Every structure is written in C-alpha cells, then in structure tokens.
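Commentary on secondary and tertiary structure
As a plain string of letters, each chain reads:
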Amino acid sequence: MIADFGFFALLMAFLLALYACAAAAFGSWSGQQRWVSSARSATILSFPLLTLACGSLVYSLANLDFHLQYVTQVTSHSMPMYLRVTALWGGQAGSLLFWAWLMAAFTFAVMLREWRRDRDLEPWVIIVTAGTLAFFLALILFFENPFLRYWQGVTGTVWAALWQPAGAQPYIPMDGNGLNPLLRHPGMIIHPPMLYIGFVAFVVPFAFAIGALVTGRSDDRWIRVTRRWTLVAWLFLSLGLILGSRWAYDVLGWGGYWGWDPVEIAAFMPWLTGTAFLHSVMIQEKRGMFKHWNMLLIILTYCLVIFGTFLTRSGVLSSVHAFAQSAIGPMFFGFIAVTFAVSLALLNKRWATLKSEVEMTSLLSREALFLVNNLLFMGILVICFWGVVFPIVSEASGGIGRAIPALAHIFTGQRATVGPIFYESATGPLWAALLLLMGIAPLSAWRASTARTLGRAMWKPFIISLLALAALLAGGMRQPLALLALWICAFVFLVTAYEFLRGARARTSRGETPLQAFWRLVARNRRRYGGYIIHIGVILIAVGIIGIELFQQETQGSLAVGERMHLGSYSIEYESLAEFETPDGRLVDRAVVNVFKDGQPLTQLYPRRDFYYESQQAMTIPGLRSTLEDDVYILLVDWEPVSASSATFKMYVNPLVNWIWLGGFVFIFGTLVASWPDAELQPARSRARVRGTAERA
C-alpha cells in the first residue's frame with residue numbers, strides 16, 4: 001500500500017514535469033502569462049509529490065519490506081536503523097530517486113523567488129529545470145523503478161514486476177542482501193548527499209543561462225541572480241569531494257585519499273569548470289568581458305554534471321565508486337549529446353550579441369590573470385577528461401590502430417588503464433601555476449597593471465617567503481620539487497595575509513580596534529575576503545598534498561608476536577590478534593599493535609579486517625594515529641593467512657596529511673562567508689526617517 005502510494009506520487013510528478021515543460025513553452029510562444037504561471041505551479045507541486053515518493057521508500061526500507069526488490073537488495077535484518085534509512089542512496093534506483101528529489105527541491109526554491117524583473121527568463125528556466133527532472137523521473141519509472149515487487153510463479157520462478165502477474169503470488173525473502181560494506185562508513189552517509197546537492201544546484205545557473213540565450217539578453221542579470229546558487233552548488237560539490245577523500249582514506253585501505261579513479265574524476269571535472277566559472281563571472285560583472293566564455297563554462301559544467309552521474313550509474317567504467325551496472329547508459333549519453341548540441345547552437349546564435357563591452361588593455365591586469373587562471377583549469381579538465389574516456393576510446397577504436405600502425409599503441413582495441421602517474425605528471429605543473437597565480441592575481445589592478453606596480457605590491461611577501469625557503473633549507477630539506485612547492489605555498493599565504501593586514505590597518509587608522517577592523521573588513525566585503533579565506537584553505541590543502549605525495553613512507557612485513565617492524569622514526573610491535581563475530585553480521589579479525597617513536601612507547605592501534613557474511617565481502621580498516629605532523633597508518637593485510645602467532649602488516653607514515661582536512665574546513669568556512677547574504681541596504685529616505693526618529697527620541 002505504501003509502495004503504491006509512492007509509485008503514484010512518482011508518476012504524478014513525472015506527468016507534472018512534462019506538463020510544466022509544455023505549458024511554459026506554450027505560454028512563452030503565445031505570450032500568455034497564465035500558462036507560464038500554471039507551469040510554475042506544476043513545477044512547485046513536483047517537490048511535495050517526490051517527497052511523498054521518497055518518504056514511502058524510506059518507510060519501506062526502515063520497516064524491511066522485502067516484498068520490494070530494492071529493499072531486498074540494499075537492506076537486511078542485521079543493519080541498524082540509520083543505515084536502513086541511508087540505503088535510500090545506497091543503490092541505483094534509490095539514488096536516482098534521491099537525485100530527482102533534490103532536483104525538485106532546488107526547482108521548488110527557485111520557483112518561489114520574485115520573478116517580476118525576470119518574466120522573460122521564467123518560462124525557459126521552468127523548461128530546463130522541469131525537463132531535467134522529467135528525464136531523471138523517466139529513468140526511474142521505465143528503467144530503475146524502486147517500487148518493483150517480487151512475485152513467484154507456479155513453477156517457483158521469482159521475478160520483479162510492478163503489478164501482480166496472472167497466476168503469480170507475492171514473494172517475500174526471509175532476509176535482504178544488505179548494503180555494500182563500502183557504503184557503511186559514516187562518511188558515505190553524508191558524502192553522496194553533498195555531492196548530489198552540488199550536482200543538482202548547478203542546474204539552476206545553467207537554466208538561467210539558457211533563458212538568457214533564448215531571449216537574447218546580453219546583460220549580466222542571469223549571473224547576478226544565480227551567483228549565490230552557484231556558490232551553494234560549488235560549496236556542496238567541494239564538501240562532497242573532501243568527504244569522499246576522507247572516506248577513501250579510511251575505508252579503501254591503500255594509504256591514500258585520492259586514487260584518480262574514473263568516478264572520482266567524474267565528480268571532480270564539474271568542480272573544475274565551476275571554479276573557473278566563479279572566477280570568470282567576476283570579470284563580466286566588473287568589466288563586461290568574457291560573456292561567451294561564461295556561457296560556455298556553465299554549459300560545460302551542466303553537461304559534466306550529467307556525464308558524472310552517467311559514469312557513476314551506468315557501470316561503463318570499472319571503479320571502486322561505481323556501485324551499479326545498468327542499461328541506462330545510452331539514455332544518459334543521448335541526453336548529454338542533445339543538451340550539449342542545443343546549448344552550443346543557442347550560444348552560436350547569440351554569439352554576436354555577447355561580445356565584450358571593452359578590450360583587454362594589459363596582459364598583467366587582473367582580468368588577464370583571471371583568464372590565465374581559467375585556461376589552466378581548462379588544461380586540467382582536458383587532461384582529466386582524456387584520462388577518463390581514453391580506456392573507452394582505446395577499446396572502441398581498435399580499427400584505427402590496425403589501419404594506421406603509427407597509432408596502434410594508442411588505439412589498441414583493448415581497454416587500457418590510465419593511472420595516477422599520468423594524471424599527476426600532467427596536471428602537477430598546472431596546479432603549481434594555479435597556486436602561484438592565486439597569490440599574484442589579487443595584487444594586480446583592473447584594466448591596467450604593470451610589472452612595476454605588481455612588484456611594488458608583492459615585494460614584502462616575496463622577501464619573507466624567501467626567509468621561509470631558507471628555513472626549510474636550514475631544516476635539512478633538499479628535495480627541489482618540495483622546496484619549490486612549499487615556497488609557492490608560503491608566498492601565496494603571505495600575500496593573502498598581507499591583503500588582510502593592509503585592509504585592517506587602513507581601518508585601525510580611523511580609530512577602530514584591530515578586532516573591529518578585521519571583523520568589519522570581512523563583513524563589508526564578504527565576497528572578496530571570503531575568497532581570500534578560501535585561498536588560505538587551498539594553501540593548507542596544498543601543503544597536505546605535498547606532504548603525503550612527496551614524503552610518504554611505506555613498508556610491509558610479516559611479524560611474529562613480539563616482533564617489530566621499523567619505518568623512519570616509527571616502529572610497530574605485533575602484540576596479539578583476536579577473531580570474533582558481531583551482531584551486525586561481521587566476522588572481525590582485530591590485531592593489537594604497539595607503536596613506538598624513536599624507541600619510546602607512543603600508543604596502541606587496532607587494525608582489523610571485517611568480513612560481511614551477507615555480501616561475502618571483506619573490508620580492511622586501518623589502525624590510525626593522527627597528528628598535524630603525520631599519520632601512522634597500519635593495515636592488517638587481508639590477503640595473507642592470519643593466525644594468532646603471526647600476521648602481515650602494511651605500514652605507512654603520511655606526513656602533513658591532516659592539513660588536507662584542516663584546509664577543507666577553512667575552505668568551506670570561506671565559501672560560507674563569501675556566499676552569506678548581505679544585509680539589505682535601507683533606502684536613503686528610510687534611513688533619514690530612522691535618524692530623525694532617533695534624534696527626536
């Protein structure tokens with residue numbers, strides 16, 4: 001009954017989304033606002049309907065209604081309640097429904113805004129958002145329906161169908177398969193929602209951009225309206241990536257946080273274009289430039305969002321993050337192709353009206369440096385995109401390799417693997433250039449800037465950064481790459497701190513205390529100083545990445561009880577191992593390991609291996625000792641035979657890795673500051689009235 005309720009709510013939401021598209025298009029064509037208003041109401045109504053659909057599925061998951069195929073696939077009696085609820089996004093069908101619900105929520109919020117100044121954009125925003133929603137709802141209804149039930153025929157055959165087939169009886173399994181063990185980590189409870197919110201929120205600026213292209217508006221109204229939506233999307237996408245990295249560090253057991261996995265990169269690519277877009281729109285707002293570029297960036301971001309969902313959900317690429325194999329791949333591919341082609345056609349049609357209002361006059365001006373920043377992001381995007389699609393291209397283009405022997409090593413006809421070495425060597429110089437530019441660009445002036453004015457603005461931070469470099473050398477660091485990378489970090493941090501100092505000093509000269517000056521400096525220009533806080537977060541993340549990438553140490557060995565293994569200044573001693581079962585259906589092998597630093601006892605760690613009976617899968621959970629200086633990360637290696645007398649361990653020392661998570665917090669805080677709404681300015685007459693009232697009082 002509850003499932004029927006959810007299915008009909010889903011069906012109604014789909015029909016309303018289709019109606020909204022048609023009514024908005026007719027209203028725009030005929031000039032009758034009542035049709036557009038009707039489409040708007042239909043779009044708004046989709047959200048409560050999808051809330052009912054999601055709610056009914058969550059109810060079924062929580063109550064273990066194994067008559068539903070989806071519930072059987074992702075839950076079991078042994079799972080605690082919070083995992084049953086979060087299993088909503090633990091499988092293919094449920095996660096698509098969750099995606100659609102988030103999309104409907106954002107569309108609902110957009111439709112409730114004041115449209116008086118944007119009546120011409122309104123129908124096209126409805127068409128794009130409702131069209132995207134209808135596409136996902138169609139996937140759910142016709143390919144990945146979470147409300148399918150199990151039925152059993154007279155011969156004992158069991159299959160899933162929405163309605164009861166003739167002669168069949170309901171079939172209810174005794175227990176479910178349970179959630180994939182990799183998805184039971186606390187990070188995975190909030191990581192997918194953060195990522196999905198980031199994805200769906202980018203649909204809003206894209207919808208307004210398409211509206212501007214269709215209506216021929218060449219002003220920056222669509223950018224100003226959607227700036228906060230874009231920041232929200234970017235915030236959640238960033239948060240999703242950071243949480244995903246932490247999950248990988250804790251669960252996947254390779255001692256790292258980012259493996260350049262295809263699905264990781266699929267989520268990373270819209271972040272790259274979104275970041276470039278956030279920088280580039282400032283140029284259009286300030287100088288009326290880069291209008292073509294901004295349109296292209298938001299189109300790319302939207303298409304990459306759909307592409308990322310396609311890679312995760314289609315199973316076209318093998319990945320530790322791809323939890324589903326499905327036939328929806330061609331549908332996704334067709335939708336991306338049509339959307340991209342239509343968007344580019346519209347951009348081409350309006351190309352002439354989107355010309356820049358002014359010319360670039362200096363190669364060192366802030367707008368020129370922002371353009372370089374954008375090109376560097378695009379360079380990284382191209383590398384990432386090629387790395388993701390190359391295995392598919394290589395496999396599908398074997399004929400080219402056979403026809404042109406010179407290209408045979410590229411188009412092999414086999415699925416090649418692109419590993420971290422390719423990505424790190426290709427993108428490393430671009431990241432370094434981006435980091436350096438992050439320090440220089442804020443010091444350059446709009447319109448005209450020279451090497452002399454830039455030099456005058458940065459010489460103080462530059463000199464102090466050289467002192468930091470000297471300190472690293474004096475401390476014994478000799479690795480040229482590490483010295484260069486850490487010097488860039490120091491320089492950019494000092495430039496950013498210098499900008500805060502200059503602004504605060506100007507305010508203290510007017511009688512404000514340092515604390516007041518700093519607070520008001522940020523509060524009066526949240527966008528600028530929020531951006532600087534984000535830069536500080538990026539610097540901290542960069543320091544963490546440099547630490548683990550360039551200075552990580554690892555070793556592996558089998559230890560008898562009481563025996564020690566050494567790595568750098570650390571050593572570990574195997575004390576004991578216990579095996580026991582848990583109420584949630586795991587067989588746990590848990591080792592006790594003593595950790596020493598410079599021969600002195602430091603702590604005790606408990607690396608373990610969890611084997612899940614339901615899914616017949618094992619997980620390796622590291623023993624971890626964390627400080628800002630480094631992590632000692634120990635794995636009980638699960639492919640070696642384990643006994644109480646000896647065990648095999650893999651040991652890592654990861655310097656500075658916690659700076660990545662610390663930088664993540666600062667990064668998110670800066671984004672919140674930048675996106676926080678400004679206080680509404682009171683009209684002059686109102687302010688005068690307030691002053692007069694105060695004076696009379």
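Let me begin by describing the structure that accompanies this report.

Thresholds, definitions, all that
The written sequence of each chain sets the order in which its residues are numbered from 1. Thresholds applied to this predicted model are a pLDDT of at least 70 for local features of residues and 80 or more for the giving and counting of side-chain atom pairs; totals over whole chains, interfaces and linings are not thresholded and use all residues. Hydrogen atoms and water are omitted, and side-chain values are computed over all heavy atoms in the structure. Axis definition: a line fitted to C-alpha atoms, limited for helices to the stretch in contact. Angles are taken between N-to-C directions and run from 0 to 180 degrees. Strands are runs of DSSP state E lasting at least two residues, helices are runs of H or I lasting at least four, and both sets are numbered from the N terminus onward. The scheme is simple: roughly parallel for angles under 35 degrees, roughly antiparallel for over 145, roughly perpendicular for 65 to 115, oblique for anything else. In a left-handed crossing the near helix is turned counterclockwise from the far helix by less than a right angle, and in a right-handed crossing that turn is clockwise. Contacts are assigned to residue pairs that have any heavy atoms within 4.5 Å of one another. By the convention adopted, Pro, Cys, Tyr, Trp, Phe, Met, Ile, Leu, Val and Ala count as nonpolar, Lys, Arg, Asp and Glu as charged, and the other residues, Gly among them, as polar. Here, expected helix span is obtained from the residue count minus one, scaled by 1.5 Å. Residue burial is assigned from relative accessible area. The probe radius is 1.4 Å, only protein chains are included, and a residue is buried under 20% of its type maximum, exposed over 50%, and partly exposed in between. Whenever two N or O atoms come within 3.5 Å, that pair is a polar contact, provided that in protein one can donate a hydrogen and the other can accept it, and provided that, for residues adjacent in sequence, both atoms are side-chain atoms. We call two strands paired when DSSP finds no fewer than two bridges between them. Between the rings of Phe, Tyr and Trp (Trp by its six-membered ring), a pair exists once the centres lie within 6.5 Å; its type follows the angle of the planes, with under 30 degrees stacked, over 60 edge-to-face, and the other angles tilted. Think of it as a cone above the ring: NZ of Lys or CZ of Arg counts as a charge over the ring if it is within 6 Å of the ring centre and within 35 degrees of the ring normal. Like-charged residues are merged into a patch within 9 Å and nonpolar side chains (Val, Leu, Ile, Met, Phe, Trp, Tyr) within 5 Å, provided each residue has over 30% relative accessible area and no salt bridge. Residue-level accessible areas treat just the shown protein chains as cover; the underlying method is Shrake-Rupley with a 1.4 Å probe. The term salt bridge refers to a pairing of a side-chain nitrogen on Lys or Arg with a carboxyl oxygen on Asp or Glu at a separation within 4 Å.

With that settled, consider the packing of helix H1 (residues 2–30) against helix H6 (residues 122–142). In the contact formed by H1 and H6, the axes pass within 8 Å of each other and the chain directions differ by 150°. In terms of axis orientation, H1 runs roughly antiparallel to H6. Relative to H6, H1 is oriented so that their crossing is left-handed. Packed against H1, whose contacting residues are Phe7, Leu10, Leu11, Ala13, Phe14, Ala17, Leu18, Ala20, Cys21, Ala24, Ala25 and Ser28, the element H6 presents Pro123, Trp124, Ile126, Ile127, Ala130, Gly131, Ala134, Leu137, Ala138, Ile140, Leu141 and Phe142 at the interface. Along the lines of polarity and charge, the residues of the contact of H1 with H6 split into 22 nonpolar, two polar and no charged.

Our next topic: helix H10 (residues 262–287). Since one α-helical turn is 3.6 residues long, residues separated by three or four positions face the same way. For H10, which comprises 26 residues, the first-to-last C-alpha distance of 38 Å matches the rise-based estimate of 38 Å (1.5 Å per residue) to within 8%. Across the 26 residues of H10, 23 count as buried, placing the element largely inside the fold. Where H10 begins, one side-chain oxygen reaches toward the backbone nitrogen of Val263, 2.9 Å away; that side chain belongs to Asp261. Where H10 ends, the next residue or the one after it, Gly288, has phi of about 70°, a positive value.

Where strand S1 (residues 149–152) lies against strand S2 (residues 158–161), four bridges are found, and the strand directions are antiparallel. Considered in S2, the bridge of Gln152 is made with Val158. Counting the residues in the hairpin turn of S1 and S2 gives five residues, including Gly156, whose phi is positive at 95°.

With that settled, the discussion passes to the packing of aromatic side chains. Overall, the coordinates contain 45 aromatic pairs when judged by the stated rule. Each ring, one from Phe7 and one from Trp163, has its centre 5.7 Å from the other, and the planes form 90°; the classification is edge-to-face. Linking Phe7 in helix H1 with Trp163 in the loop between S2 and strand S3 (169–170), this pair joins segments that are 156 residues apart in sequence. Residue Phe7 is classed as buried on the basis of its relative accessible area, which comes to 9%. For Trp163, a relative accessible area of 47% translates into the label partly exposed. Consider the rings of Phe98 and Trp101, whose centres lie 6.1 Å apart with planes at 20°: the pair is stacked. Remark: Trp101 and Phe98 occur in helix H5 (residues 92–111); sequence separation between them is three residues, near one turn of the helix. Three or more aromatic residues joined by ring pairs make a cluster, and in this case those are Trp234, Trp258, Trp260, Phe268, Trp271, Phe377, Phe422, Tyr423, Trp431 and Phe667. The side chain of Arg564 reaches across the aromatic face of Phe596, ending 3.6 Å from its centre.

Bringing the packing of helix H15 (residues 420–440) against helix H17 (residues 480–508) into the picture now. In the contact formed by H15 and H17, the axes pass within 8 Å of each other and the chain directions differ by 25°. With respect to H17, the axis of H15 lies roughly parallel. Our pair here, H15 against H17, has a crossing hand that is left-handed. From H15, Ala432, Leu435, Leu436, Met438, Gly439 and Ile440 reach across to H17, where they touch Trp487, Ile488, Cys489, Phe491, Val492 and Val495. Split into classes, the residues belonging to the contact of H15 with H17 amount to 11 nonpolar, one polar and no charged.

Another point: the sheet that holds S2. Pairing within the open sheet is antiparallel, and its three strands lie in the order S2-S1-S3. In this open sheet, the two strands that pair with only one neighbour each are S2 and S3. Both S1 and S3 contribute to a ladder of two bridges, which runs antiparallel. Residue pairing across strands places Trp151 opposite Pro170, the latter belonging to S3.

What follows concerns the sheet that holds strand S13 (residues 646–655). Strands sit in the order S4-S13-S12-S11 across an open sheet of four strands; the sheet is antiparallel. The outermost strands of the open sheet, each flanked by one partner alone, are strand S4 (553–560) and strand S11 (623–626). Pairwise comparison of adjacent strand axes, ignoring direction, gives a mean angle of 15° for this sheet. Across eight bridges, the pairing between S4 and S13 is antiparallel. Bridging across to S13, Leu559 finds its partner in Ala647. Helix H19 (residues 526–551) rests against S4 and S13 of the sheet, and its axis sits at about 135° to S13.

Here we come to a nonpolar patch on the surface. Among the surface-exposed residues, Trp459, Phe462, Ile463 and Leu466 lie close enough to one another that they form a single nonpolar patch of about 370 Å² accessible area. With respect to the helices, strands and loops of the structure, Trp459 is situated in helix H16 (residues 451–474). A residue is classified by how much of its surface remains accessible, and Trp459, at 47% relative accessible area, is partly exposed.

In this structure, Trp260 is a non-glycine residue whose phi angle is positive, near 50°. One can find Trp260 in the loop between helix H9 (221–251) and H10. Classification of Trp260 by relative accessible area gives buried; the value is 10%. The backbone of Leu656 shows a phi angle near 65°, a positive value even though the residue is not glycine. Tracing the backbone through its elements, the reader meets Leu656 in the loop between S13 and helix H20 (658–675). Judged by its relative accessible area of 21%, Leu656 is partly exposed.

By themselves these figures say nothing about function.
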